[in-house]
Amino acid sequence: MNVLDKDATLTAARPLRCEVHCVLGTLWITHDGDPKDIVIEAGHSYRADRNARMLISALEASRYVLTRDGLHQQGAAPVLPTGAESQRTEPVLGTEVA
């Protein structure tokens, strides 16, 4: 499980088939070039259906799990929040600093 502090953002560079599972808090999700905003709260998920860079921002302190095809990614590039106080607790494939 990952922690994302309020107002912190992480970037998934190639998120196709990635799923964001919000465990606690509220997350705002958007893709480059897409005017649609997605907001998910605890107990809800979002599955990326495109490869355009995805931004995940915490509207409040949040805990989430990021998976690809339903599997936790181990030993891959880490989730790197842009907020200085955020911390990474689990690696995930294809993420970069925003």
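Everything below is about the structure shown above.
Residues numbered from 1 in each chain as written. Predicted model: local features only at pLDDT ≥ 70, side-chain atom pairs only at ≥ 80, totals over all residues. Heavy atoms only, no water.

A. Structural view of the environment of Leu-4. With respect to the secondary-structure elements, Leu-4 resides in strand 1 (residues 2-4). What makes Leu-4 buried here is its relative accessible area of 0%. The spacing of Leu-4 and Tyr-64 is 60 residues in sequence and 7.8 Å in space, taken between C-alpha atoms. (Helix = DSSP H or I, 4+ residues; strand = E, 2+ residues; numbered from the N terminus. Buried < 20%, exposed > 50% of the residue type's maximum accessible area, 1.4 Å probe, protein only.)

B. Summary view of the pattern of salt bridges. Here the structure, examined in full by the defined rule, presents four salt bridges. Residue Arg-50 is joined to Asp-34 by a salt bridge in which the shortest nitrogen-to-oxygen separation is 2.1 Å. With Arg-50 in the loop between strand 6 (45-47) and strand 7 (54-58) and Asp-34 in the loop between strand 4 (26-31) and strand 5 (38-41), this residue pair connects regions lying 16 residues apart in the sequence. For Asp-49, the salt bridge is made with Arg-50, and the minimal N-O distance between the two is 2.8 Å. (Salt bridge = Lys/Arg side-chain N within 4 Å of Asp/Glu carboxyl O.)

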